[in-house]
Structures are given as C-alpha cells and as structure tokens.
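What follows is the residue order along each chain.
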Amino acid sequence: SEFQYAAEKLWVYELGAKTEWLDNRLIANAAFFYQDYTDKQVATLIPVPNTDFNTARIINAGQARVKGMELETVAQATENLRLSASYTYLNAKYTKFDYLTASSNEVIRNGNCEVVRSNGVAICSTSLTGRRLEGAPRHALVMSANYTASAATLLGDDAEWFIEGDSRYQSRRFIEASNNRTLSSYWLLNARVGVTRDQWEVLFYVDNVTDNRTVKSALRDSGTVEQARFNTAAPPDTLLVNLPDPRTVGIRAKVNF
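Thresholds applied
- By convention here, each chain's residues receive numbers from 1 onward along its written sequence.
- A pLDDT threshold of at least 70 governs which residues receive local features in this predicted model, and a stricter bar of 80 or more applies before side-chain atom pairs are shown or counted, although totals over entire chains, interfaces and linings include all residues.
- Side-chain measures were taken over the full set of non-hydrogen atoms in the model, leaving aside hydrogen atoms and water.
- Only DSSP runs of H or I covering at least 4 residues are called helices, and only runs of E covering at least 2 are called strands; the numbering of each starts at the N terminus.
- Each residue gets one of three labels from its accessible area relative to the maximum for its type: buried under 20%, exposed over 50%, partly exposed in between, using a 1.4 Å probe on protein chains only.
- Only heavy atoms matter for contacts: two residues are in contact if any of them lie within 4.5 Å across the pair.
- Here is the rule: rings of Phe, Tyr and Trp (six-membered ring for Trp) pair when centre to centre is within 6.5 Å. Planes less than 30 degrees apart are stacked, more than 60 are edge-to-face, and the remainder are tilted.
- Geometrically, a lysine NZ or arginine CZ counts as sitting over a ring once it is within 6 Å of the ring centre and also within 35 degrees of the ring normal.
- For our purposes a nonpolar core is just a set of buried Ala, Val, Leu, Ile, Met, Phe, Trp, Tyr and Cys residues, chained together by side-chain atoms within 4.5 Å.
- Patch membership needs two things, relative accessible area over 30% and no salt bridge, and members are linked within 9 Å if like-charged or within 5 Å if nonpolar (Val, Leu, Ile, Met, Phe, Trp, Tyr).
- A 1.4 Å probe and the Shrake-Rupley method give the accessible areas. Residues count as covered only by the protein chains that appear here.
- By definition, a salt bridge exists where a carboxyl oxygen of Asp or Glu is found within 4 Å of a side-chain nitrogen of Lys or Arg.

Asks: Please explain the overall build of the protein chain as it appears in this structure.
Replies: Helix and strand counts for the protein chain come out as two helices and 17 strands. Put simply, the protein chain has 257 residues, and 29% of those count as buried. Partitioning the intrachain contacts of the protein chain with sequence separation of at least 6 by distance along the chain shows that 64% fall at a separation of at least 24.

Put into structure tokens, the structure is as follows:
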C-alpha cells in the first residue's frame, strides 16, 4: 500500500540509583536515560499519488533521541510532616526527519523546501531534523506535602486529621514537530484537608487553587484531505484545544465496608 508505515522501534538505556538515608526517613533516587527511536511514527500531510491533494497520514520519522534525567526525593521531615519532590529533564530531538509534501501549509510551518520530482510532479522535500519532539517539556516538577496528626480527642483512637497539597509544573511544549506553536509553561496547585478513620474518610478539596487558565494540551487539526497547490490558498490551519478546568471546590466522602 502507498500509505503503509513501519513499526516504531525504541532502544532505552538507563543508569540510576535508589538510596535511603537517616534510618529510611529520607529517600533519594536518581536516573539518567537515553532513548533512541528508529522509524518514530508521526502524523503529517503527504501527497496522494496522481492527484493535487494531500491527506493526513502516519509516516515514519527516520530517527529521534531523548536524553534526560529523573530526580526524586521523599522526606519524613517530622513525625507528622511528609514531603516529596520529583524533577524530570528532557532533551528530545529529531535527529533525522525528512519527507515529501505538496502542502504549502507544511512548507510554511517547516520553513524549508528542496524541490524534487516524484512521479513526474515537482514537490517539496522538507526537513524537521534538529527540531524538538512535540509534547515534550524540557523541565517538569511535581511536589507534595502532607501533615497528619491524631484526632483521637474528638473522634476516637483511630481517627486522624490531615492537610495536604500538591503542585505540578511543566515548561513550554511544542504542539507539533515543526516547532512553530507552543503551549505555555504552567503551575498547578491543589489542596485538601480532611478527617479519616479506619472505615471512612471525609475531605474538603480545592483543585487548581490559583484558578490557572493556561491551556495544557492541544492538537493540530489539518482535516482529512487538503487541496494544496503551491499557487492557491490552503485551508486555514486550526488547533483542537482542550480547555483547562477552572478552580473547583468540593467535598468527598468515602466509606469502606
């Protein structure tokens, strides 16, 4: 078939350590990794043979690689207070990604075109070699804190009250392989306070405490078929955007039988 594509292959190499300190009150882990993609599967527009149309298809990028590290720590700071944090760094790039297209949109997005002939028709050979992988933030951070104490005076010997929060950060990410459009970096903060016993739990929560409205995910929508002669106007290029949840406040209750 004209539109068949190869299986994606991935070799992963990782070196790391898991450590415990201060009578297991401090856990510190680290990992360094290298991921080597061959024939990475990517969605793009390619020409339909013997027509003036392009179609959205999966193709194989020649090669891509991801270098990075993960750092994680968990600390029992006091008898009641537990803290944790994890950080990820990614350096993710296409090391070989060349393909043919007759789409003016693709050429404009990629910013390069070498005119070649395919089946007697002049089309572009365009390259994304050296571009960063889409959806891969260079920096990501997750932190959490939990304080738990006895509530025996009010609710019995097995009762505890707690207050906890977690926060997540991601740096900017590219929406597509051409690296033309990005999603902004963001912080997200959630908080909870509650009471728990052996058989039940009640908590009050606030998700997205700061009411951060930064868009966190989006996808290019090029349609299924694009008429894209070089000297005619191409259809508008659009994005499918997932709107973020606003600040949400509520109460949850759980009973174990």
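Asks: What's the story with the packing of aromatic side chains in this structure? I'm lost.
Replies: Pairs of aromatic rings are described using the distance from one ring centre to the other and the angle between the two planes. One pass over the full model with this rule turns up five aromatic pairs. On the basis of an interplanar angle of 35 degrees and a centroid distance of 5.4 Å, the ring pair of Phe97 and Tyr99 is categorised as tilted. Overall, the relative accessible area of 1% leaves Phe97 in the buried class. Ring geometry for Tyr147 versus Trp161: centroids 5.7 Å apart, planes at 45 degrees, classification tilted. One end of the pair, Tyr147, is in strand β8 (residues 139-150); the other, Trp161, is in strand β9 (residues 160-170), and 14 residues separate them in sequence. In textbook terms, an aromatic cluster arises when at least three aromatic residues are bridged by ring pairs, as seen for Tyr94, Phe97 and Tyr99. The ring of Tyr186 has Lys216 lying over it, and the distance from NZ or CZ to the ring centre is 5.0 Å. The ring of Tyr205 is capped by Arg252, whose NZ or CZ atom sits 3.8 Å from the centre of that ring.

Asks: Can you walk me through the nonpolar core in this structure?
Replies: Judged by nonpolar contacts, the single largest core of 15 residues is most densely connected at Val66, Tyr94, Phe97 and Leu133. Within the residue set of this core, elements represented by two or more residues are β2 (26-47), β3 (53-76) and β4 (81-96). Contact partners of Val66, with chain neighbours within four places excluded, come to Phe33, Tyr34, Gln35, Tyr37, Leu90, Asn91, Ala92 and Leu133.

Asks: Sorry if this is basic, but what is going on with a nonpolar patch on the surface here?
Replies: A cluster of nonpolar side chains, Tyr147, Trp161, Ile163, Val193, Val202, Phe204, Val249 and Ile251, forms an exposed patch at the surface whose accessible area comes to about 700 Å². For the nonpolar patch, the secondary-structure elements that each account for two or more residues are β9, β13 (200-207) and β17 (248-255).

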